[in-house]
Amino acid sequence: MKVFLSISFLVIIFLCSCSSYKFPNATGSRVIPTTAVNSYFIDTAQTSVYRCKINAFKKDLNGTLVIKTLSVDEHRVALLSDFGQTVFDISILPNSYEAHYVMDDLNKKLLLKELSSLFRTLTQQQYSQESMLFAETQHWPVYVVGKSYYQYKERQLSLITWVLRNKARAEIAFTDFNGAQAQTIHIAHKRFPLTIELLFDAQQSVN
């Protein structure tokens, strides 16, 4: 767990970038009727369980991630290590978070803020009134919420690009669908070397 201590100090270094973000191949945008995007975690009867692998600075942490939908705007996210220890237990709110428990090595304000923002982007339903325009008429739809982008493929949300201050902060990719359920979620931070791989555990999940 000591590897995560480095993140809280190095994250500041990676927060800034010289270029502004532009969605690839987009030619503009248009106003659309209000459209709900990211509806994967809105069912309050749902508890989603994933096998989780976190890689930070080429160090791995494996465990079980549990996401409980308390309301459309509130989710509780907990990570349990393979040794049965609670790594963190956090409530994700629309504009803040509440830490119920965090291991000492992770209990850094900046790091917790960044992690909670990642999980907020993953779980929070948003509403878009804007979509991107592309030269290719067959391009999959991409909806805009603020400065973040929600790309759909075959009517399923396949990629969220989280943008902050006009710079890509993270990408969340949903793959291997079984019906409406993405079996694999890949989270890649763009400002420091942090990735999170989630593999859906149907046997432990409650739907």
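Residues numbered from 1 in each chain as written. Predicted model: local features only at pLDDT ≥ 70, side-chain atom pairs only at ≥ 80, totals over all residues. Heavy atoms only, no water.

Trainee: When you look at helix α2 (residues 109-123) in this model, what are you seeing that I'm missing?
Mentor: Along an α-helix, residues three or four positions apart point the same way, because every turn accommodates 3.6 residues. Spanning 15 residues, α2 covers 21 Å between terminal C-alpha atoms, matching the ideal 21 Å at 1.5 Å per step. For α2, the buried fraction is high: 12 of the 15 residues fall into the buried class. Within α2, burial applies to L111, L112, E114, L115, S116, S117, L118, F119, R120, T121, L122 and T123. (Helix = DSSP H or I, 4+ residues; strand = E, 2+ residues; numbered from the N terminus. Expected span 1.5 Å × (residues − 1). Buried < 20%, exposed > 50% of the residue type's maximum accessible area, 1.4 Å probe, protein only.)

Trainee: Would you mind showing me how to read the layout of surface pockets here?
Mentor: Any empty space left between the atoms is revealed when a probe the size of a water molecule rolls over them. There is about 290 Å³ of room inside the largest pocket. Those elements giving two or more residues to the lining of the largest pocket turn out to be α2, β9 (148-153) and β10 (156-164). For the lining of the largest pocket, the leading source of residues is α2, giving five residues. In terms of residue class, the lining of the largest pocket is made up of seven nonpolar, nine polar and three charged. (1 Å grid on protein atoms, 1.4 Å probe; cavity = no way out; pocket = protein on both sides within 12 Å on 5 of 7 lines; lining within 4 Å. Points joined across faces, edges and corners; volume = space filled by probe spheres on them. Nonpolar A, V, L, I, M, F, W, Y, C, P; charged D, E, K, R; others polar.)

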